[in-house]
Amino acid sequence: MAEKARIAILISGRGSNMAALVYAAKSSDCPYEIVLVASNVPDAPGLTLAHAEQIDIFAHPHKGLSREAHDTIMHDAIVRSGAEYVVLAGYMRILSDGFVRKWADHMLNIHPSLLPKYKGLDTYQRAINAGDKVAGCSVHLVTAELDDGPVLAQTEVAILPDDDADSLASRILIAEHQLYPSALARYVTREAHPDWILEQVRQRALALEETHERLSFGSPGWRVGGEKTGKYFAYFTQRLHGEASIGLLVKTTGIDEQTALIDADPDLYYSPKFYGKSGWIAIRLDTGQTDWDHIADWLRKSWQMVAPRRLTRLSEIADQF
């Protein structure tokens, strides 16, 4: 099994969602482990539970400190733990922009509404007052704006005719405990998921001048030039022509360069079955450690080999500035 993602959880109270994550992480096939539970409330009940479960804990009160100063203390504790992701589980602090930037795309939160509905507080009563038939919860990435990050997963919870805020909250909490561990597991393993990998390649390929996407033997490929005269400079391979791995096919200068690349790093490069004899190289994308800047460089290099001269001249000029 691949190395598990290391998670730090921030809490301010009893930590029921923290507990759900802790117990989910005990499963042998869970892709993450909890390495730290931290709080701005030194006597938060959740810290006692985490300590009993032999998880490192950290606490530092926020009173008397600026938001930025307290966030720096929490950030330093998280870094010392070796955590790769921060998970908010009832952490009742608005985070500074600096803290959010440091953990961009690596910090998750759960919110008791079906975002974008009902950001902020009093979500249960607001849903009832609006006459909604369903409420629910959402796991989202944390951004500088409150409850505004991209939604990763949601669960709907029916609103019953006699519900009040408390009764609805109790059922939504059950849904949260189910949703958060599964959403986190999917997110920390996203780099091995074909759809996510394809989207990363697509964004970088289509960012190049005058490119478009077209299927080739059922797999996405990218061409530069017109619809009729364009030439392929890259292909996405997911078991294309019997290949076992997920990869990107790009052009090299020929067999000599292809051979040199494979000899230098056979875990990253290989000769694709159908295109290898033409000097194309395949770059593995399913290792979970893809250097996406390296992929972008290869896409541009391959693009330059087939792009019309007028485009490559413009590209060369742009590279000088």
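The numbers attached to residues start from 1 for each chain and follow its sequence in the written order. Confidence filtering applies because this is a predicted model: local features only for residues at pLDDT of at least 70, side-chain atom pairs given and counted only at 80 or more, and all residues used for totals across whole chains, interfaces and linings. Hydrogens and waters are ignored; side-chain quantities use all the structure's heavy atoms.

J.: Explanation requested: the sheet that holds strand 13 (residues 280-284) in the structure shown.
T.: Should DSSP find at least two bridges between two strands, the strands are taken to pair. Elements are defined by DSSP. Helices are runs of H or I of four residues or more, strands are runs of E of two residues or more, and each kind is numbered from the N terminus. Ordered by their spatial adjacency, six strands build an open sheet running 8-9-10-11-13-12, and the pairing between neighbours is antiparallel. A single partner strand is all that each edge strand has here, and the edge strands are strand 8 (211-216) and strand 12 (269-270). As defined by bridge partners, strand 9 (residues 219-224) adjoins strand 10 (residues 231-238) across four bridges and the pair is classed as antiparallel. Within strand 10, the position partnered with Arg223 by the bridge is Tyr232. By definition, residues are in contact when any of their heavy atoms lie within 4.5 Å. Interaxial angle, 0 to 180 degrees, is taken between N-to-C directions of lines fitted to C-alpha atoms, where a helix line uses only the stretch in contact. In the packing of helix 9 (residues 292-306) onto the sheet, contacts are made with strand 8, strand 9, strand 10, strand 11 (246-251), strand 12 and strand 13, and the angle to strand 11 comes to roughly 35 degrees.

J.: How do you make sense of the pairing of strand 1 (residues 5-11) when you look at a structure like this?
T.: It is a general feature of regular strands that their side chains alternate between the two faces of the sheet. Between buried and exposed lies partly exposed: a residue is buried under 20% and exposed over 50% of the maximum accessible area for its type, with that area taken using a 1.4 Å probe on protein chains only. Judged by how many residues are buried, strand 1 sits mostly within the fold: six of seven residues are covered. Pairing of strand 1 with strand 2 (residues 32-39) involves seven bridges; the strand directions are parallel. Note that in strand 2 the partner of Ala8 across the bridge is Leu36. With strands facing away from the observer, any crossover in which the path from the first strand over the helix to the second runs clockwise is taken as right-handed. Note on the crossover from strand 1 through helix 1 (residues 16-24) to strand 2: the handedness is right-handed. Summarising the sheet, strand 1 and strand 4 (residues 85-88) pair through four bridges and their orientation is parallel. For Ile7, the partnering residue across the bridge sits in strand 4 and is Tyr85.

J.: Teacher, can you tell me more about the pattern of salt bridges here?
T.: It is possible for side chains bearing opposite charge to pair when their charged atoms get close. Each reported salt bridge corresponds to a side-chain nitrogen of Lys or Arg within 4 Å of a carboxyl oxygen of Asp or Glu. Throughout the structure, instances matching the rule amount to 12 salt bridges. For the salt bridge of Glu33 with Arg6, the shortest nitrogen-to-oxygen distance reads 3.8 Å. Taken together, the residues Glu33 in strand 2 and Arg6 in strand 1 connect sequence positions 27 residues apart. Owing to a relative accessible area of 33%, Glu33 belongs among the partly exposed residues under this scheme. The partner of Glu209 in a salt bridge is Arg300, with the nearest N and O atoms 3.5 Å apart. With a gap of 91 residues between them, Glu209 in the loop between helix 7 (194-206) and strand 8 and Arg300 in helix 9 connect regions that are remote in the sequence.

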